[in-house]
Structures are given as C-alpha cells and as structure tokens.
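Listed below are the residues making up each chain.
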Amino acid sequence: MDVRVNEISPMRFVKASNKKNKPNKNLKLHLIKIWRVCILSATTSFLFLLLINNGWKKIYKDSIHITGNKYTSREKIINELKIEAGINLIIINPKYFESILMKEMPFKSVKVNRRFLPPELNIAILERVPVAFATRKTNTGLEKGMIDEKAFWIPIFNTNKINPKFDQEIVV
C-alpha cells in the first residue's frame, strides 16, 4: 500500500477477512441438508413399505370393527356393504361405503376409516333414535316401522333390540 508521508493516504486499510470460516460454515450447512434428505428418504421408504405390505392384505368380516350400533345388528351392516370375502384394504373406498350406509340404513351419520397397521376397517355409526311406532301405506300394503324426532322413517330390522318407552302408534 502506498502511504504518503505526513498526509492522509487516499487508500484505506483492509482488514484481513475471515474467509477461513466461510468454507467451514458452508460445509456445516451442506451436511445439515444431506442429513435432512437422508431422514426424509428413510421415513418415506418406511411408510411406502408399510403401505405395500399391509395395504394389499385381505380384509375379512372379523377385521371390521363397528361402533355405535345399538339397534342395527353387525351382520345387517356388513351385508349392506356387500363386502366380498377377502377384499384388499387398499381397494376399499371409505367415502363410497359411507354413502351406501347413509342411503340404505337409518343412520344420522357414518364414518368409515381404514387402518393399515393393523389392517382393519373401522365404522363409526350414529343411529337415529326412534320415538314412536308407525305404519305406512306402500304398494305392497301396510308396512310397520318407527319414526325419529324429525319424522324420518326407520324400518324395523330386529324387534328384540327395541325397548320403546312409548305406547302411541302413528299412522302415516
């Protein structure tokens, strides 16, 4: 650096830069990124193998768990779903099964979930509560059933499970 004698130099002094630390810092960042990619890859591989191994296992009627059915039998619900013996778990469409049960059965709400570990199908049901016996006229004659508090028709599947606390009958 040129320095004028007894005057202020037009050039400024340059401090030694810490370039030695920058490559070390970049190396740490690269190692952290590589570690994240390795963890993400391992987790993804594990979940993929879990899906492949358990998703193609067959579901039978004994691995279907139903909760909330007070008036409707388990067999009646499974028969309405028309589940084939040994259907693959990954092929099951829970929304389709929900729509079938809501259309064909007297339920307020239905939630169908499939679990891959252990492989099973869970069905949660909220049934309509009957408030009165009723009969209605159909093309085949009179049909006996019940109605709930919103006048929704509930056919009688199994009269042994029904213990009504009412003695009025409504004719529709």
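Residues numbered from 1 in each chain as written. Predicted model: local features only at pLDDT ≥ 70, side-chain atom pairs only at ≥ 80, totals over all residues. Heavy atoms only, no water.

> Got a minute to help me understand the pairing of strand β2 (residues 64-67) in this structure?
In regular strands, side chains alternate between the two faces of the sheet. Here β2 shows a clear split, with I64 and I66 buried on one side and none of H65 and T67 buried on the other. Inspection of the sheet shows β2 paired to strand β5 (residues 119-127) by four bridges, in the parallel sense. Its bridge partner lying in β5, T67 is registered against A124. (Buried < 20%, exposed > 50% of the residue type's maximum accessible area, 1.4 Å probe, protein only. Helix = DSSP H or I, 4+ residues; strand = E, 2+ residues; numbered from the N terminus. Pairing = 2+ DSSP bridges.)

> What's the story with the sheet that holds β5 in this structure? I'm lost.
For sheets, the rule is that strands pair by backbone hydrogen bonds, running either parallel or antiparallel. Strand order across the open sheet formed by three strands is β2-β5-β4, with mixed pairing between neighbours. One side of each edge strand has no neighbouring strand; the edge strands of this open sheet are β2 and β4 (107-116). Across this sheet, the average inter-strand angle for adjacent strands is 15 degrees, counted without regard to direction. Bridging between β4 and β5 involves nine bridges; their strand directions are antiparallel. Directly across from V110, in β5, lies its bridge partner I125. Across the sheet, helix α2 (residues 74-81) touches β2, β4 and β5, and the angle it forms with β2 is around 120 degrees. Contacts from helix α3 (residues 94-104) reach β4 and β5 within the one sheet, and its direction differs from that of β4 by about 155 degrees. (Axes fitted to C-alpha atoms, helices over the stretch in contact; angles between N-to-C directions. Contact = heavy atoms within 4.5 Å.)

> Is there a simple way to explain the nonpolar core in this structure?
What tends to happen in soluble globular proteins is that the nonpolar side chains get buried as a cluster. In this structure, I64, F97, L101 and I123 are the most contacted members of the largest nonpolar core, which totals 20 residues. Among the secondary structure elements, those contributing two or more residues to this core are β2, α2, α3, β4 and β5. Beyond its immediate sequence surroundings of up to four residues, I123 is in contact with I64, H65, I66, T67, L81, L101, V110, K111 and V112. (Core = buried A, V, L, I, M, F, W, Y, C linked by side-chain atoms within 4.5 Å.)

> It is not clear to me how the pattern of salt bridges should be interpreted in this structure. Could you clarify?
Side chains that carry opposite charge are capable of pairing whenever their charged atoms lie near each other. Enumeration according to the criterion identifies six salt bridges in this entry. R115 is the salt-bridge partner of E120, the closest N and O atoms lying 3.0 Å from each other. On the accessibility criterion, E120 (11% relative accessible area) is buried. Among the residues examined, R115 registers a relative accessible area of 38% and is labelled partly exposed. Here E143 and R136 are joined by a salt bridge, their closest N and O atoms 3.1 Å apart. (Salt bridge = Lys/Arg side-chain N within 4 Å of Asp/Glu carboxyl O.)

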